[in-house]
Amino acid sequence: MNPSLSPSVPNLLDEALGLGRGGSAPWRVALVQDCVETSGAFLLHHFLKRALSAEGAGAVVFLALAHPFSHYDRVLRKMGCNLSLQRNKNKLHFIDLLNLEFPVAGQTGQNALEVGFIGLYNKILRSVEASSLRDDKGGWISIIIDDVSLLEIAAHGSVSHVLDFLQYCTTLTSELDCSLVVLNHEDIYSSEEEIRLLSHLDYLSDVVIKTEPLATGIAADVHGQLTIINKGVFTECGRSMNKVHNFQFKVKDNGVDFFYPGSQF
Amino acid sequence: MATAADGQPRTTRTPTTSSFSRASSSPSAALHMPPNAGVKLGPNGAAFVSSGIPDLDRILGGGFLLGSLVMVMEDSDAPHHLLLLRNFMSQGIVHRQPILFASPLREPRAFLGTLPSPVSSSKAHSKRAIVDPNQQEQEKGLRIAWQYKKYFGEQQASQIHDRDVKQEFSNDFDLRKPLERRLVQNIECISIQDTPELAILRDRCSSFLSTLPRSDGGNLNAGRIAIQSFCSPQCGYSEMDWDMVAFIRFLRSIVRSSNAVAVLTFPSSYLPPSFLKRWQHLADTLLSVRAIPDEDKELAKLLTGYQDMLGFLHVHKVAQMNTQVKENSWFSFVSSFLFSLFFSTNNPFFF
């Protein structure tokens, strides 16, 4: 039985994250960390599909910096989710930022960045408000950012601006009942001084999902492994601790297979 | 039959209109003979252009994806990346595709003199295909090392089926024989030496690509951008890390929305580690070349034909457009390939 074909049977990932049948996410901020060897983009596709196909009224605000709409449309179509249709129904607010550049000009550079980010934030805010006004059923809204490192490049390396922007988005999640999923690359932040953005993101997030290649190298049947860190799980004695899940995955056209190491055959 | 039909437009190269009218008059013929030989359509709405190395095309699942950015990490000690660039550009010339070449050389046109010419004219190719397909199979210029040959088995059938199309799609090149001067006249060249203003290169790329709007299916005309040693010291881009990475992102996004492939080689050792990773993330297809040291006893024991081998070609990443799966069965098995060149024979041999 293929779990990805029948959404009613939760797969390992959804179980580990505590995702139920409904569209609501049990986190405020989720951080996906990937690396050059193993892209984490498939997780965004997974969350996108879940949010849109959930019973009830889920809505997604998608900030696409990495690919044009046609890419996501084709990928999601194979997973059984028609993005064009969802966009027309106003369930998906697709913000195409492939060519996003903030005008940086001389002295006013800093200001231009701020203006640019405020504009972007307002776009998100409008989309979220439009979605939450549309139905009073309290549908869950997800904001997905693909990906933060490109936002950094657009901001010309100004970490503080990116952090401010993300902080604003995080505030949205508690004010307007929505969740935030961001993708970032872990391996970019290898040296000490550059780690600020990643550690800040790490602090903001309730769930961290890491994709890594297999230690043994490339394999045909296993594409990599996932580490899921659920933060702030309270134990019986009241202490806060992180709950960690580990398993492997294989990416397919119509979804992803998740399995424990060695249990596939 | 298909071979003969294919041969025709090639021998009479100039009237592109004739192949166009043929295609429109008989749709079945159009299926067998793509209107543009330089572009091959693949699954998921993908279109490929050849890298100029038939075996590399196969490894990458068909060639370089139209609309993708290919980045090649150079070996700091050896100029093997130039082989990839040369074949890439020569293949573009053979297909009469517009090319933009940027180089840190003072006089980039000088590099064009080193572009290899195809091993034999396409006419001779199609003739030979009719005479003896087996012989042609043996003479295939670029080969993968025997270690990996068994993986070819499953694809063999479709290969034979595609052969007539493939012959046109990618050629073998003779590195000793330079292309005729008049053929390389049309290549746009730009020197990026001592031009700390990346805006110039930006403008050239976008004006070049503006003539090649994205069109899915139909009569595709593909363009090629080749950028050599992008961040090398003679470019004078020091302290411009963010500008460079912004340029690459810009290049990636404009190539994505046009019918073109950009190949960019860069000396990875000049980049700070965190930026190197950023660059790698930006690449749609990521390759690296590494020379084999001359007197490596260990390797010599491991490899047959060690004397003739030049280096390793690593495939780190294959472009995934409109899909989330690595469709390429090759890449899932092995990610590094040996290649070698024989200057003594006609063809460059890649293993």
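Residues numbered from 1 in each chain as written. Chains lettered and ligands numbered in written order. Predicted model: local features only at pLDDT ≥ 70, side-chain atom pairs only at ≥ 80, totals over all residues.

Colleague: Got a minute to help me understand the overall build of chain A in this structure?
Modeller: Looking only at helices and strands, chain A features eight helices and nine strands. When the 265 residues of chain A are sorted by exposure, 43% land in the buried category. Counting only contacts in chain A whose residues sit at least 6 apart along the sequence, the fraction spanning at least 24 positions is 69%. (Helix = DSSP H or I, 4+ residues; strand = E, 2+ residues; numbered from the N terminus. Buried ≥ 20, exposed ≤ 12 C-beta atoms within 10 Å, placed from the backbone. Contact = placed C-beta atoms within 7 Å.)

Colleague: Please explain the pairing of strand β2 (residues 59–64) of chain A as it appears in this structure.
Modeller: Within a regular strand, side chains alternate between the sheet's two faces. All names here are of chain A. With six of its six residues buried, β2 lies for the most part within the structure. Residues Ala59, Val61 and Leu63 point to one face of β2 and Val60, Phe62 and Ala64 to the other, with burial holding for every one of them. Pairing geometry for β2 and strand β4 (residues 141–146), over six bridges, is parallel. Residue Ala64 lies in a different strand from β4, and its bridge partner there is Asp146. (Pairing = 2+ DSSP bridges.)

Colleague: Even after reading the chapter, I still don't get helix α2 (residues 41–53) of chain A, so can you show me in this structure?
Modeller: Given 3.6 residues per helical turn, the α-helix brings residues three or four places apart onto the same face. Residue and element names in this part refer to chain A. When the terminal C-alpha atoms of α2 are compared, their 18 Å separation across 13 residues agrees well with the 18 Å that a helix rising 1.5 Å per residue should span. For α2, the tally of buried residues reaches 12 of 13 residues, placing the bulk of the element in the interior. Those residues of α2 that fall on the buried side of the exposure criterion are Ala41, Phe42, Leu43, Leu44, His45, His46, Phe47, Leu48, Lys49, Arg50, Ala51 and Leu52. (Expected span 1.5 Å × (residues − 1).)

Colleague: Quick question: what am I supposed to make of the sheet that holds strand β2 (residues 47–49) of chain B here?
Modeller: Hydrogen bonds between backbone atoms are what pair the strands of a sheet, whose relative direction is either parallel or antiparallel. As summarised here, the arrangement of the three strands in space is β1-β2-β3 (chain B), forming an open sheet in which the pairing is antiparallel. In the strand order of this sheet, the two ends are held by β1 (39–41) and β3 (64–65) of chain B, each with one partner.

Colleague: Any chance you could explain the interface of chain B and chain A here in plain terms?
Modeller: Interface extent is often summarised as the accessible area lost during association of the parts. With 25 residues of chain B at the contact, the number on the chain A side is 28 residues. Elements represented by at least two residues in the side of chain B that touches chain A include exactly α13 (241–256), α14 (273–282), β12 (309–317) and α16 (329–333) of chain B.

Colleague: Just to check I follow, could you spell out unusual backbone geometry for this structure?
Modeller: Leave glycine aside and you will find that most residues have negative phi; peptide bonds, for their part, are mostly trans. Residues and elements named next belong to chain A. Backbone torsion omega between Asp146 and Asp147 reads -10°, so that peptide bond is classified as cis. Mapped onto the elements, Asp147 comes out in the loop between β4 and α6 (148–154). Within the chain, His156 stands out as a residue other than glycine whose phi angle is a positive 60°. Residue placement: His156 occurs in the loop between α6 and α7 (159–175). Positive phi values are uncommon outside glycine, yet Asp177 reaches one of about 55°.

Colleague: What should I look at first to understand the confidence of the model for chain A in this one?
Modeller: Low pLDDT means the predicted coordinates in that region are not meant to be read closely. Residue and element names in this part refer to chain A. Per-residue confidence for chain A gives a mean pLDDT of 83, with 84% of residues at or over 70. For chain A, per-element mean pLDDT is lowest for helix α5 (residues 109–134), which scores 84, and highest for strand β1 (residues 29–34), which scores 94. Confidence drops under pLDDT 50 across residues 1–8; counting only partners more than four residues distant or on other chains, this segment forms eight contacts. (pLDDT = per-residue confidence, 0-100.)

Colleague: Explain α13 of chain B to me, please; I cannot follow it from the model alone.
Modeller: Under the 1.5 Å per step criterion, the end-to-end length of α13 of chain B is 23 Å for 16 residues, consistent within 8% with the ideal 22 Å. Of all the positions in α13 of chain B, only Val245, Ala246, Phe247, Ile248, Arg249, Leu251, Arg252, Ser253, Ile254, Val255 and Arg256 of chain B are classed as buried. Close packing links the buried residues of α13 of chain B with α6 of chain A together with β4 (69–73), α12 (198–209), β10 (260–266) and α14 of chain B.

Colleague: Sorry, what's going on with the nonpolar core here?
Modeller: Soluble globular proteins: nonpolar side chains tend toward being buried together. Ile144 of chain A together with Ala262 of chain B are the most contacted members of the largest nonpolar core, which has 146 residues in total. The dominant element in this core, judged by the number of residues it contributes, is α2 of chain A, at eight residues. Not counting chain neighbours up to four residues away, the residues in contact with Ile144 of chain A comprise Leu44, Phe47, Leu48, Val60, Phe62, Leu63 and Val181 of chain A. (Core = buried A, V, L, I, M, F, W, Y, C linked by C-beta atoms within 7 Å.)

Colleague: Before we go on, may I ask you to explain the pairing of strand β5 (residues 178–185) of chain A in this structure?
Modeller: All names here are of chain A. Of all eight residues in β5, eight are buried, a share of seventy percent or more. Both faces of β5 are covered, namely the face carrying Cys178, Leu180, Val182 and Asn184 and the face carrying Ser179, Val181, Leu183 and His185. For β1 and β5, the ladder comprises six bridges, and the chain directions are parallel. Bridging across to β5, Val29 finds its partner in Leu180. Two strands pair when backbone bridges link them, and β4 and β5 are joined in this way by five bridges, in the parallel orientation. Bridged to Ser142 within β5 is Ser179.

Colleague: Whenever I open this one, the confidence of the model for chain B confuses me. Can you help?
Modeller: Residues and elements named next belong to chain B. Within chain B, residue pLDDT values average 72, and 66% of them lie at 70 or more. Note that residues 122–167 has pLDDT below 50 and, in this model, 47 contacts with residues that lie over four places away or in other chains. In the predicted assembly, ipTM is 0.89 and pTM is 0.81.

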